[in-house]
Amino acid sequence: MFWRENLALLNDSIVKEAVSNLEVKILEYFPDADISLIRSAVEFAAEKHGDQRRSSGEPYIVHPIGVSAILADLRLDLDSLITGILHDTVEDTETSLEEIQKKFGKSVAELVDGVTKISRITFRTSEEKQAENFRKMVVAMAKDLRVILVKLADRTHNMRTLDYLPERKRKLIAQETLDIYSPLAGRLGIHWIKAELEDLCLRYLKPEVYYRLAQLVSKKKAEREKYIEEVIQNIEENLKEYSINGAVTGRPKHFYSIYKKMESRTANTLDDIMDIVAFRIVLDNITECYKALGVIHAVYPPIPGRFKDYIAMPKPNNYQSLHTTVIGPFGERMEVQIRTQEMHQIAQSGIAAHWKYKEGRADVSTQNNMEWLSRLLDSQKSLKDPTEFLESVKLDLYPGDVFVFSPKGEVKEFPHGSTPLDFAYAVHTDVGNQCVGAKVNGRIVPLKYRLRSGDVVEILTSPTQHPSKDWLKLVKTSKAISKIRAFLKQIERAKARELGQEILEKEFRRYKTNLDKISKTSVMANGIRNLGYKSLDDLIVAVGYGKILPRDITKEVMPETTIEKEEDSKENAGFLQKIISTAMRKSEARNAVMVTGLGDVLIRFAKCCHPIPGDPIVGFVTRGRGVTVHHAACKKALDSDSARKIDVEWTFKQGKKVEKEIKVGPKRTVKVRVFCDDQPGMLASMTQTISGQGVNISQASVRTMKDSKAICVFEILVTGVEQLSKVISALEAKEGIISVERQRN
């Protein structure tokens, strides 16, 4: 291998081995590839990254080469592979997109731009930065799906090398990966990346659970291998009797899948080894698939309700296969998947299996048929609130498993628990807003009816019908949630505007003028800007919500007026002034939270989400009740008009007070839900573990299950997120505990 002499870094043994492995992978599926282009990209990136090192101490260039190797595993085109090598040059070095375009072409430059993070923009919150990253990703993905494939490869390689980062950063990255990137890989049908990311996330988010699973599965390795071998032989013998020849394989489910199975109580014990193996039959054509299904059902009794035909009705990511669960040869439940070789390739690589690497583009029909991508694009255009946008992204990324029909025979997919309202909004926003009921299979059903696969749904509407807050409890899809919220916020804003206008009219009458007259002056225009609002309408709404006092506006737009003394204007002050007069200066919330832009004002914590120090928080001005502090991801907070939102922050950080010399912040109540084995001494063991972390239990409840499991809910007092994390980690490390999570309500 020849490298430029001035780039000694490329002679590093680790770098040379990484490049060599990349070239081998490329030539395996693309023997005519121009490898000189890959080497040129490696040289360019190595020169730009220079002496940069990763947290592991390795040369930074190892990371982009690793990303490109993952893209080679997906069998992508050269432009994508080069993008993988160059994807961090614009963000982390002085390289410009123009320079990349000049050397590697317009396509590569556009791809690099699509995956470059928005690092040069300053956002107020991490949620905003995350949301903006995904907005850009969604837009770029809609133009060229290779953008997200590079992004997924980047995240996969980062997750593989997460050990070298601090624990807090590891957990943040792992959680984001579990929320966004893993389901995104699933939506694209790239199941091997989805499975790997989920296992890595489990390892870093719940290490005690991960390593305990690894240990138990390892102990059963010999038993599992023997079981798989015997079942494969049994299936093959039965298929041969009917002259069906196909490849039969058995595989253990990945750790995260086992963990979720345990958490949902569909398996009895962690070492219930027969429940963590699935078998796959790969055949030559579709006819043989259905023939093999008949054989399997004839030999092994099928379990009712556990058969799914994804061949006749493919998933949105074009996944096709027959899934059935049967009673196996040893009396155990056994999952069997049946598919063709082509279906198997798509199941492994998803959208990447459609890639025409010589032409440098994806199968257009495949990209155009991805409705979920269109929904994401619509969400990023219509949802301005970053937290609401991210919630919408997460909902759209988790695929549904319910397929229903319109009266015309159109098939629509929904998540479990969806209702006719979800169907109505999927048809059109107006149909959803005016929905009064539905007919399912010809019979009238209530709006709370849960859709089932095969249902034929007809929506009943009325022009006088409008959405209500109760509808948010019935719907599951992101479109329905966002459209209902938008309507409710519109109504809420109209009421606030009406009240704000009334308050301002009353205020200006005191100075012998009116709102209409003064709003046409340049003084008012300047005042609106100085007060931080974009328009007069926004200012009026803010007054209606109580975010600003009318007196503050008159001071800004009528500075020459002699403002009356405070005692003469009490009865005309805005409702916030009344709140201030009853403010609890020494309350727990007042000491724990600071409000930006307002003086002394009553502060209270929302009971719907119970925020604790360290949580991302947001404040909402509430009429007559001051400022209510919610967790940033609280559903009720997302339902509120963003015009009511106000910046708040904890005065206590990491258990220490920011301004005053107080060592520990006030303790807050939080609920912890523990799912565990129902065995003697378990409750005592858990309470001792919690007490051992210096945490007091104020209340506890226990509910036993039929399958020798129990659900325990502890109400504990903690100083913040850090102490809560230590409690959860300590509980997860206990034998017999399956899962531990914070309960929001």
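Each remark here, short or long, concerns the structure printed above.
Residues numbered from 1 in each chain as written. Predicted model: local features only at pLDDT ≥ 70, side-chain atom pairs only at ≥ 80, totals over all residues. Heavy atoms only, no water.

Student: Would you mind showing me how to read the overall build of the protein chain here?
Tutor: Summing up its helical and strand segments, the protein chain has 31 helices and 22 strands in all. In the protein chain, buried positions account for 50% of the 745 residues. Here the protein chain displays about 35900 Å² of accessible surface, and carbon together with sulfur accounts for 49% of that area. (Helix = DSSP H or I, 4+ residues; strand = E, 2+ residues; numbered from the N terminus. Buried < 20%, exposed > 50% of the residue type's maximum accessible area, 1.4 Å probe, protein only. Areas by Shrake-Rupley, 256 points an atom, 1.4 Å probe, with all protein chains shown as cover.)

Student: Would you explain the nonpolar core in this entry?
Tutor: A general feature of soluble globular proteins is that nonpolar side chains tend to end up buried together. If you look at the biggest cluster of nonpolar residues, it comprises 76 residues, and the most contacted ones within it are I26, I38, L86 and I100. With residues near it in sequence (within four places) discarded, I26 still touches A33, I35, I38, A72 and L81. Membership of the second largest hydrophobic core comes to 25 residues, among which are I235, A292, Y300 and M334. (Core = buried A, V, L, I, M, F, W, Y, C linked by side-chain atoms within 4.5 Å. Contact = heavy atoms within 4.5 Å.)

Student: Can you walk me through the side chain of H63 in this structure?
Tutor: Turning to its location among the elements, H63 is positioned in helix 3 (residues 62-73). Of the polar contacts made by the side chain of H63, one reaches the side chain of H157; its length is 2.9 Å. (Polar contact = N/O pair within 3.5 Å; in protein donor to acceptor, adjacent residues only side chain to side chain.)

Student: Just to check I follow, could you spell out unusual backbone geometry for this structure?
Tutor: The phi torsion of most residues other than glycine is negative, and most of the peptide bonds are trans. In the Ramachandran plot, N441 falls in the positive-phi region, its phi being about 55 degrees despite a non-glycine side chain. Secondary-structure assignment places N441 in the loop between strand 8 (435-440) and strand 9 (443-445). Positive phi outside glycine occurs at H610, with the angle close to 45 degrees. With respect to the helices, strands and loops of the structure, H610 is situated in the loop between strand 12 (603-605) and strand 13 (617-622). Residue classification places H610 among the partly exposed residues on the basis of a relative accessible area of 23%.

Student: Help me understand the sheet that holds strand 19 (residues 668-677), please; the structure alone is not making it clear to me.
Tutor: With antiparallel pairing, four strands are arranged side by side in an open sheet as 20-21-19-22. Lying at the two open borders of the sheet, with one neighbouring strand each, are strand 20 (696-704) and strand 22 (737-743). Across the sheet, the mean angle separating the axes of adjacent strands is 20 degrees when strand polarity is ignored. As paired strands, strand 20 and strand 21 (residues 709-718) are joined by eight bridges and run antiparallel to one another. Bridge pairing in strand 21 places S701 opposite V713. Helix 30 (residues 682-692) contacts strand 19, strand 20, strand 21 and strand 22 of the sheet and is inclined by roughly 20 degrees relative to strand 21. (Pairing = 2+ DSSP bridges. Axes fitted to C-alpha atoms, helices over the stretch in contact; angles between N-to-C directions.)

Student: I'm lost on helix 3 in this one. Help?
Tutor: Each turn of an α-helix holds 3.6 residues, which means side chains three or four residues apart point in the same direction. Over its twelve residues, helix 3 runs 17 Å from end to end, which matches the ideal 16 Å to within 8%, given 1.5 Å per residue. Counting buried positions along helix 3 yields eleven of twelve residues, so the element is predominantly enclosed. V62, H63, P64, I65, G66, V67, S68, A69, I70, L71 and A72 are the residues of helix 3 that are buried. Of the surrounding secondary structure, the elements contacted by the buried residues of helix 3 are helix 1 (13-29), helix 2 (35-49), helix 4 (78-86), helix 9 (146-160) and helix 11 (191-205). Taken from the residues just after helix 3, R75 is the one with a positive phi, measuring 60 degrees. (Expected span 1.5 Å × (residues − 1).)

Student: Any chance you could explain the packing of helix 10 (residues 167-187) against helix 11 here in plain terms?
Tutor: Geometry of a packed helix pair, given as the angle between the helix axes and the separation of the axes. Contact geometry of helix 10 with helix 11 gives a least axis separation of 9 Å together with a crossing angle of 160 degrees. When the axes of helix 10 and helix 11 are compared, the pair comes out roughly antiparallel. The handedness of the crossing between helix 10 and helix 11 comes out as left-handed. Judged by residue contacts, R170, K171, A174, Q175, T177, L178, Y181, S182, A185 and G186 of helix 10 engage H191, I193, K194, L197, E198, C201, Y204 and L205 from helix 11. For the contact of helix 10 with helix 11, the per-class residue count stands at nine nonpolar, five polar and four charged. (Parallel < 35°, antiparallel > 145°, perpendicular 65-115°, else oblique. Left-handed = near helix turned anticlockwise from the far one by under 90°. Nonpolar A, V, L, I, M, F, W, Y, C, P; charged D, E, K, R; others polar.)

Student: In this structure, what is going on with the sheet that holds strand 13? I would like to understand it.
Tutor: Strand pairing in a sheet relies on backbone hydrogen bonds, with the paired strands running either antiparallel or parallel. Reading across from one edge, 12-14-13-15 is the order of the four strands in this open sheet, with mixed pairing throughout. Here the strands that pair on one side only, and so sit at the sheet edges, are strand 12 and strand 15 (645-646). Pairing of strand 13 with strand 15 involves two bridges; the strand directions are antiparallel. Within the sheet, the bridge partner assigned to G619 lies in strand 15 and is I646.

Student: Where do I start with the packing of aromatic side chains in this structure?
Tutor: Two aromatic rings, taken as a pair, are described by how far apart their centres are and by the angle between their planes. By the definition in use, this model includes nine aromatic pairs. A ring pair is formed by Y210 and F255, whose centres lie 5.3 Å apart and whose planes are at 65 degrees; its orientation type is edge-to-face. Here Y210, found in helix 12 (residues 207-219), pairs with F255, found in helix 14 (residues 255-263); they are 45 residues apart in sequence, far enough to count as distant. For the pair shown, Y210 and F255 are each scored as buried. Taken together, the aromatic side chains of Y210, Y211 and F255 make up a single cluster linked through ring pairs. Against the face of F605 rests R668, its NZ or CZ located 3.8 Å from the ring centre. (Phe/Tyr/Trp six-rings, centres within 6.5 Å; stacked < 30°, edge-to-face > 60°. Lys NZ or Arg CZ within 6 Å of the ring centre and 35° of its normal.)

Student: In this structure, what is going on with the pattern of salt bridges? I would like to understand it.
Tutor: Tallied over the entire structure, the rule returns 17 salt bridges. Residue R160 is joined to E196 by a salt bridge in which the shortest nitrogen-to-oxygen separation is 2.5 Å. In this pair, R160 is assigned in helix 9 and E196 in helix 11, connecting sequence segments 36 residues apart. Residue classification places R160 among the partly exposed residues on the basis of a relative accessible area of 36%. Residue E196 is classed as partly exposed on the basis of its relative accessible area of 22%. For the salt bridge of D677 with K709, the shortest nitrogen-to-oxygen distance reads 3.6 Å. With D677 in strand 19 and K709 in strand 21, the pair connects residues that are 32 residues apart, well separated along the chain. Assessed through its relative accessible area of 23%, D677 is described here as partly exposed. Under the relative-accessibility criterion, K709 is labelled buried at 2%. The network of salt bridges with common partners includes R493, R497, D537 and D538. (Salt bridge = Lys/Arg side-chain N within 4 Å of Asp/Glu carboxyl O.)

Student: Mind showing me how you'd approach the pairing of strand 5 (residues 333-340) here?
Tutor: On a regular strand, each side chain points to the face opposite its neighbour's, so the side chains alternate between the two faces of the sheet. The element strand 5 is extensively covered by neighbouring structure, given that seven of its eight residues are classed as buried. Direction of pairing for strand 4 (residues 322-327) relative to strand 5: antiparallel, over a ladder of six bridges. Across the sheet, I327 pairs through a bridge with R333, a residue of strand 5. Hairpin geometry of strand 4 and strand 5 is characterised by an intervening segment of five residues between the two adjacent antiparallel strands and by a positive phi of about 80 degrees at G331.

Student: Whenever I open this one, the environment of L322 confuses me. Can you help?
Tutor: With respect to the helices, strands and loops of the structure, L322 is situated in strand 4. Placed 32 residues apart in sequence, L322 and Y290 show a C-alpha to C-alpha distance of 8.2 Å. Setting aside chain neighbours within four positions, we find L322 in contact with C289, Y290, L293, F307, K308, D309, I311, V336, Q337 and I338.

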